[in-house]
There are 2 protein chains.
Amino acid sequence: MNDRIKCEKYLSKVMSADEAAKLIYPNATIGMSGFTPAGHAKAVPLAIARRAEATGEKLNLTVMTGASVGDEIDGALTRSGAMKRRTPYQTNSTVRNAINAGEIDYFDVHLSQVAVWAKNGFFGDIDFAIVEIIGIDEEGHLIPSTSIGAANTYIECAKHVILEVNTTQPESLRGIHDVYTVERVPNSKPIPIIHADDRVGTDYYPCDFDKIAAIVYSDIPDKGRSVQPVDEISQKIADNIIELITKETEAGRLPVPLPPLQSGVGGVANAVLAGLKKSNFTDLKVYSEVLQDAVFDLIEAGKISFASGTSLTISPDFEEHYKANFESYRDKIMLRPQEISNHPEVIRRLGIIAMNTAIETDIYGNVNSSHINGTRIMNGIGGSGDFAQNAGLSIFMTPSTAKNGTLSCIVPFITHVDHTEHDIHFLVTEYGYADLRATTPKERARKIIDTCAHPDFRPMLHDYLDRACAQCAHKHTPQLLGEVFQGK
Amino acid sequence: MNDRIKCEKYLSKVMSADEAAKLIYPNATIGMSGFTPAGHAKAVPLAIARRAEATGEKLNLTVMTGASVGDEIDGALTRSGAMKRRTPYQTNSTVRNAINAGEIDYFDVHLSQVAVWAKNGFFGDIDFAIVEIIGIDEEGHLIPSTSIGAANTYIECAKHVILEVNTTQPESLRGIHDVYTVERVPNSKPIPIIHADDRVGTDYYPCDFDKIAAIVYSDIPDKGRSVQPVDEISQKIADNIIELITKETEAGRLPVPLPPLQSGVGGVANAVLAGLKKSNFTDLKVYSEVLQDAVFDLIEAGKISFASGTSLTISPDFEEHYKANFESYRDKIMLRPQEISNHPEVIRRLGIIAMNTAIETDIYGNVNSSHINGTRIMNGIGGSGDFAQNAGLSIFMTPSTAKNGTLSCIVPFITHVDHTEHDIHFLVTEYGYADLRATTPKERARKIIDTCAHPDFRPMLHDYLDRACAQCAHKHTPQLLGEVFQGK
Ligand SMILES: CC(C)(COP(=O)(O)OP(=O)(O)OC[C@H]1O[C@@H](n2cnc3c(N)ncnc32)[C@H](O)[C@@H]1OP(=O)(O)O)[C@@H](O)C(=O)NCCC(=O)NCCS
Ligand SMILES: CC(C)(COP(=O)(O)OP(=O)(O)OC[C@H]1O[C@@H](n2cnc3c(N)ncnc32)[C@H](O)[C@@H]1OP(=O)(O)O)[C@@H](O)C(=O)NCCC(=O)NCCS
């Protein structure tokens, strides 16, 4: 297995995961690699969990990642009681339940800000970085794995670095990474990315040899999630998005070829890409967080000419095909640190078309994407704010109803606000899309109700708006606050 | 007066304000110069109002500006009924009352986005630009006045340009402007500003001669507002801000010299600058929107080495001194388009210390800066979102109470959200400051109540939080939504 460590002197640092786990001291803050279950540290977190379970110590760890990670971190460290604090984004139900039960302290940070905050000390000291890599080359360069996320920042800022050399990841990944970091104020410079495919950094993580506390071999693979078949609602949302994008190009408000696309993971994102495959658009670019199956499908179809992300997740069904064809994708993909994939400067410059998902929205165009009923956290905002605040076109989408049609996802007043009316250009449901740009609150309300709300809920929403307009002394944003949360 | 127009061929376009006003057709969208009562168009808007009053026509105009403007626009065009729509920011009570009465349609846009939206056609066609200048030089260059705001963008995008040559502004202003615009996607390039004082554009507005429909002489001066003496509460807020900034530098989280400062207009901003004058900080920079008296005072004191803004407002009391000393300020100040003064790219790169004012905040750190009781709009968000979302240090401040101490400005749930918990680092009142970075919602709530809330309201807020924590099934962001708007 040693052929993954090609620089002799690094071999002296090799130890078992259990030995490495012993280096972790109580109350430590640990920055881990991993972004949307890809490239996350696995062997050492599992070993930390084993240690905590075996000894019963209160480790009281603060765990930072890129974004969501696998059960090896969020599941194991929650169950073992080793983790006390968590940031910036999670999707694992074990940790989510612990957060909502008040057992784990969670805080939500824009993904682009993680690097800035870390470098400026806003998180306090970062004691350890635990980072998955695919190998170390002759020069001692650390080769990133299937995600970068905030790993480069954690390596830069941590006192001690623990590396997991994952031998299940193919060495052929070498070369798809572009590691670039923005220097701290007052030394920050413009990020020289002008096109989605601009290469501006190194294809390895710079790291001071003396900071490396342990190197561990790991043979635990990423577990890609299966892609769900696109349901009817997602398909309609995707169709509406493609229609509105097409209309924007026809009106000259969007250039052709389109600016790069950003979207979350999941059904609608896949359906949008599938729709674009059938469309007349060509020379598509992606500048997003996660590259998933559909992106590679469109590369093969000649539709996507370049895709930049910070993580690469392949579903089990697609894996064989993906591996067989990797060499044909290699020069059309790039993984960057999340500081760069989500950077306002680059997002605004490229004029990204951003597509993000809401839990609920209100009739005035504010968006809740993190808290069910205002109190139960789902995942956090992730990068949605980075993109929504800076996109050339900021689209939010949601099914018009939740809980089998019993709840409207469009309400008079949302229970938690993550994105304000100022950062949303289009709202899309399966019923249609509302162009919210340059509209007054009341104009927005009528558009949203008439085109996006489920027809069953339109009378109720119109009734609210009409009564608010009639009864409220102030007519700019009429509200009947006394009734918006009745029964909640 | 012709010596202000030094290029012969422009003289053929000179006409009276009343003649120019006749060019305006009904339903037109007009982009006007002006930012925080400075450099706004005056003679032509007054003439438009006279025309509307004389003829009784329904002009139905959409009026866009940089930010707030003088009564010559917002007052006169409201009273005359000529204006139907207004964006992006206003502070004039006549227009505010008309908006809240439902007579004028207003919509709120981040100030940095005005240029982007205009260039991409999000506002629809812009029919006219009406822009105050101080003169036209031998080459036909248009020399900006006391503000730039969005005037350069309106000149670029409008079908017809009307210029007001204001002869009350001294020609010595020439040279303090730096007009730079970001090209539309896909041609946007990095903005080459690395330091607050970098000059990157021209000192005049580029403008196609054939687009100029009229040139009008104006002798209506800017009316600077008097600076109110700093009251005790503002002084304490300012003291707290200076204390927290000092502590941040001591902890190594802020560099010295400090990153450039941004602040709104008014008492606290002045008190902060007065406090900095007495502090040990030197080589201070400003990268903000409005340069007001206190900035010049600190330039004279050798404390501020450079100040960049988009407008320059001098109070009547300070005017004589300012004029007598202008030559000593000239190389230490610069006015930029608001697209640049408020650009996320530059704000993040420079690591700006942003100080903005809230109407109310909630215990979890969300901020309302636009709507009283969720329905009555005050001014709009202005540039507060541009700065808060991207600042190196994002500070919001508010007195702890309003309405003579009868209302707490810190509440369980705010009635309108303009800035979310993700974009606020410090909350400051006269009682203290709360560091909200890297904290969970409950931690934030306790800090805010214990350090920022007025002591009279702390028991009520603690009681809410305690009951929410006890009764709410989900412990991450506990709320008792059923009671938050009771009686509203
Ligand atoms: C918003 C988000 C949670 C939606 O994810 P999703 O998988 O499409 O969500 P679902 O439709 O399955 O809904 C999730 C839960 O919320 C519930 N829900 C959705 N809308 C609801 C509403 N209006 N009221 C009450 N509950 C609602 C669902 O019933 C489901 O509940 P369950 O867990 O009890 O089954 C997710 O996209 C997210 O976390 N976004 C924020 C971060 C982000 O945008 N990342 C991508 C770019 S960076
Ligand atoms: C927030 C903002 C309105 C505060 O301005 P200000 O002049 O300091 O405000 P005041 O303290 O005078 O309060 C304004 C009004 O709100 C009322 N008010 C303030 N807090 C209140 C509260 N918590 N509840 C109810 N009313 C409140 C005041 O009583 C006053 O009412 P009045 O008009 O009936 O007298 C102003 O800073 C703003 O518009 N900010 C947004 C834009 C911005 O930040 N611009 C600068 C940087 S770009």
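Keep in mind that this is a model prediction, so the values were computed, not measured.

Residue and element names in this part refer to chain A. By nearness alone, 21 residues border ligand 1, and E289, N356, I372, N379 and G383 come closest of all. In the environment of ligand 1, an oxygen atom lies 2.7 Å from a nitrogen or oxygen atom belonging to the side chain of N379. Summarising the interface, the protein chains cover 69% of the accessible area of ligand 1, which totals 970 Å² for the free molecule. Broken down by class, the residue content of the shell around ligand 1 amounts to eight nonpolar, nine polar and four charged.

Turning our attention to the site of ligand 2. Neighbouring residues of ligand 2: 21 residues in total, closest E289, N356, I372, N379 and G383 of chain B. Within the contact set of ligand 2, an oxygen atom lies 3.3 Å away from a side-chain nitrogen or oxygen of R376 of chain B.

Residue and element names in this part refer to chain B. Take S384: it is sitting in helix α13 (residues 384–390). Owing to a relative accessible area of 6%, S384 belongs among the buried residues under this scheme. One polar contact links the side chain of S384 to the main-chain carbonyl oxygen of I381, over a distance of 2.5 Å. Apart from the residues within four sequence positions on either side, S384 is in contact with N356, S369 and H419.

Moving on to the domain arrangement of chain A. All names here are of chain A. Structurally, chain A comprises domain 1 (2–218) and domain 2 (232–486). The distance between the C-alpha centroids of domain 1 and domain 2 comes to 29 Å. Counting from both sides, the interface comprises 49 residues of domain 1 and, opposite them, 45 residues of domain 2. Between domain 1 and domain 2, the buried area comes to about 3600 Å², and carbon and sulfur atoms account for 57% of it. For the pair domain 1 and domain 2, the interface holds two salt bridges. The interface formed by domain 1 and domain 2 includes 30 residue pairs in polar contact (both at pLDDT 80 or more). Within the residue set of the side of domain 1 that touches domain 2, elements represented by two or more residues are α4 (93–100) and α5 (113–119). Counted by class, the side of domain 1 that touches domain 2 contains 24 nonpolar, 17 polar and eight charged residues.

Taken in spatial order, the three strands of this open sheet run β17-β16-β23 (chain B), and their pairing is mixed. On the outer flanks of this sheet lie β17 (367–368) and β23 (410–411) of chain B, each paired with one strand and no other.

This brings us to the interface of chain A and chain B. Each partner contributes to the interface: chain A provides 80 residues, whereas chain B provides 81 residues. Of the roughly 6500 Å² buried at the junction of chain A and chain B (both faces included), carbon and sulfur atoms supply 58%. Linking chain A with chain B are four salt bridges, by the criterion used here. R85 of chain B serves as the salt-bridge partner of E443 of chain A, at 2.6 Å between the closest nitrogen and oxygen. The tally of links between chain A and chain B comes to 25 residue pairs in polar contact (both at pLDDT 80 or more).

All right, on to helix α8 (residues 267–278) of chain B then. Counted at 1.5 Å a residue, the expected span for α8 of chain B with its 12 residues is 16 Å, and the 17 Å between its end C-alpha atoms agrees. All buried positions along α8 of chain B are accounted for by V268, A269, N270, A271, V272, L273, G275 and L276 of chain B.

Expressed as a screw transformation, the operator carrying chain A onto chain B has a rotation angle of 180° and an axial translation of 0.0 Å, and the superposed copies differ by an RMSD of 0.0 Å. Classification of the inter-copy transformation places it as that of a two-fold axis. The position closest to the rotation axis in chain A is occupied by the C-alpha of E345 of chain A, lying 2.2 Å away. A share of 100% of interface residues in chain A that are also interface residues in chain B marks the association as one of identical surfaces.

Residue and element names in this part refer to chain A. Judged by pairing direction, the sheet is mixed, and its three strands sit side by side in the order β17-β16-β23 without closing on themselves. A single partner strand is all that each edge strand has here, and the edge strands are β17 (367–368) and β23 (410–411). For strand β16 (residues 360–362) and β23, the ladder comprises two bridges, and the chain directions are parallel. Of the residues in β23, the one forming a bridge with D362 is V411.

A word on the packing of aromatic side chains. Under the definition given, this model contains 26 aromatic pairs over all chains. Relative to F123 of chain B, the ring of W117 of chain B has its centre 5.6 Å away and its plane inclined at 45°; by these criteria the two rings are tilted. For F123 of chain B, a relative accessible area of 12% puts it in the buried group. Taken together, the aromatic side chains of F107, W117, F122 and F123 of chain A make up a single cluster linked through ring pairs. K9 of chain A extends its terminal NZ or CZ atom over the ring of F209 of chain A, reaching a point 4.3 Å from the ring centre. Sitting over the face of the ring of F209 of chain B, K13 of chain B holds its NZ or CZ atom 4.1 Å from the ring centroid.

Within the largest apolar cluster, 157 residues are counted, with the highest numbers of intra-cluster contacts made by I241 and F296 of chain A together with I241 and F296 of chain B. Leaving out residues up to four positions away in the same chain, I241 of chain A has contacts with V268, V272, M355, I395, M397 and V428 of chain A. Of all hydrophobic cores here, the second largest spans 54 residues; its members include A358, F413, A445 and L461 of chain A.

Take the UniProt feature "binding site: CoA" (unreviewed entry) in chain A next. Residue and element names in this part refer to chain A. Within this structure's numbering, the places UniProt gives as "binding site: CoA" (unreviewed entry) are G264, V265, G266, G267, V268, I359, N379, G383 and K403. Judged by maximum C-alpha separation, these annotated positions cover 140 residues in sequence and are scattered in space, the widest gap reaching 25.7 Å. Accessibility expressed as a relative area gives 28% for G267, which makes it partly exposed. If near-sequence neighbours (up to four positions away) are discounted, G267 is found in contact with V230 and S234. Note on placement: V268 falls in helix α8 (residues 267–278).

As a further point, take helix α14 (residues 441–452) of chain B. Taking 1.5 Å as the rise per residue, α14 of chain B with 12 residues should run 16 Å; its terminal C-alpha atoms sit 15 Å apart, in good agreement. Among all positions in α14 of chain B, only P441, R444, A445, I448, I449 and C452 of chain B are buried. Considered in projection along α14 of chain B, the buried side chains sweep an arc of 125° and stay on one side of the axis. Turning to α14 of chain B, the residues buried within the fold contact β4 (105–106) of chain A together with β16 (360–362), β23, β24 (426–429), β25 (432–435) and α15 (458–471) of chain B.

Residue and element names in this part refer to chain B. Across all of its chains, the model carries 70 salt bridges over all chains by this definition. The closest approach of N and O atoms between K42 and D222, which form a salt bridge, is 2.7 Å. Of the two residues, K42 is situated in the loop between β1 (29–32) and α2 (43–55) and D222 in the loop between β8 (212–218) and α7 (232–250); the sequence distance between them amounts to 180 residues. In this structure, K247 engages E243 in a salt bridge whose closest nitrogen and oxygen atoms are separated by 3.3 Å.

With that settled, consider unusual backbone geometry. Geometrically, the link from V256 of chain A to P257 of chain A is a cis peptide bond, its omega value of -5° lying close to zero. The omega torsion of the bond from V185 of chain B to P186 of chain B falls at 10°, within 30 degrees of zero and hence cis. Relative to the elements of secondary structure, P186 of chain B occurs in the loop between β7 (160–166) and β8. Phi is positive for N60 of chain A, close to 60°, though the residue is something other than glycine. By the element assignment, N60 of chain A lies in the loop between α2 (43–55) and β2 (61–64). Here N60 of chain A falls in the partly exposed class, since its relative accessible area comes to 34%. In this structure, N27 of chain B is a non-glycine residue whose phi angle is positive, near 70°. Relative to the helices and strands, N27 of chain B is located in the loop between α1 (17–22) and β1.

Next up on the list: the pairing of strand β20 (residues 393–397) of chain B. Residues and elements named next belong to chain B. β20 sits mainly inside the fold: five of its five residues count as buried. Residues L393, I395 and M397 line one face of β20 and the alternating positions S394 and F396 line the opposite face, and both faces are buried. With five bridges connecting them, strand β15 (residues 353–357) and β20 associate as parallel partners. Residue I353 lies in a different strand from β20, and its bridge partner there is L393. Direction of pairing for β20 relative to β24: parallel, over a ladder of three bridges. Of the residues in β24, the one forming a bridge with I395 is F426.

This part takes up the packing of α8 of chain A against helix α9 (residues 293–300) of chain A. All names here are of chain A. In contact at an axis separation of 9 Å, α8 and α9 are set at 10° when each is read in the N-to-C sense. As far as their axial angle goes, α9 and α8 are roughly parallel. Residues N270, L273, L276 and K277 of α8 touch α9, and the partners they reach there are A294, V295, D297 and L298. The class makeup of the residues in the contact of α8 with α9 is five nonpolar, one polar and two charged.

Reading guide: rules and limits
- Residues numbered from 1 in each chain as written.
- Chains lettered and ligands numbered in written order.
- Predicted model: local features only at pLDDT ≥ 70, side-chain atom pairs only at ≥ 80, totals over all residues.
- Heavy atoms only, no water.
- Near = heavy atom within 4 Å.
- Polar contact = N/O pair within 3.5 Å; in protein donor to acceptor, adjacent residues only side chain to side chain.
- Areas by Shrake-Rupley, 256 points an atom, 1.4 Å probe, with all protein chains shown as cover.
- Nonpolar A, V, L, I, M, F, W, Y, C, P; charged D, E, K, R; others polar.
- Helix = DSSP H or I, 4+ residues; strand = E, 2+ residues; numbered from the N terminus.
- Buried < 20%, exposed > 50% of the residue type's maximum accessible area, 1.4 Å probe, protein only.
- Contact = heavy atoms within 4.5 Å.
- Domains from an automatic or database assignment.
- Buried area = accessible area lost by both parts, 1.4 Å probe.
- Salt bridge = Lys/Arg side-chain N within 4 Å of Asp/Glu carboxyl O.
- Pairing = 2+ DSSP bridges.
- Expected span 1.5 Å × (residues − 1).
- Least-squares fit on C-alpha atoms with pLDDT ≥ 70 in both.
- Phe/Tyr/Trp six-rings, centres within 6.5 Å; stacked < 30°, edge-to-face > 60°.
- Lys NZ or Arg CZ within 6 Å of the ring centre and 35° of its normal.
- Core = buried A, V, L, I, M, F, W, Y, C linked by side-chain atoms within 4.5 Å.
- UniProt positions renumbered as here; feature names shortened; annotations may be inferred.
- Arc of directions from axis to C-beta.
- Axes fitted to C-alpha atoms, helices over the stretch in contact; angles between N-to-C directions.
- Parallel < 35°, antiparallel > 145°, perpendicular 65-115°, else oblique.

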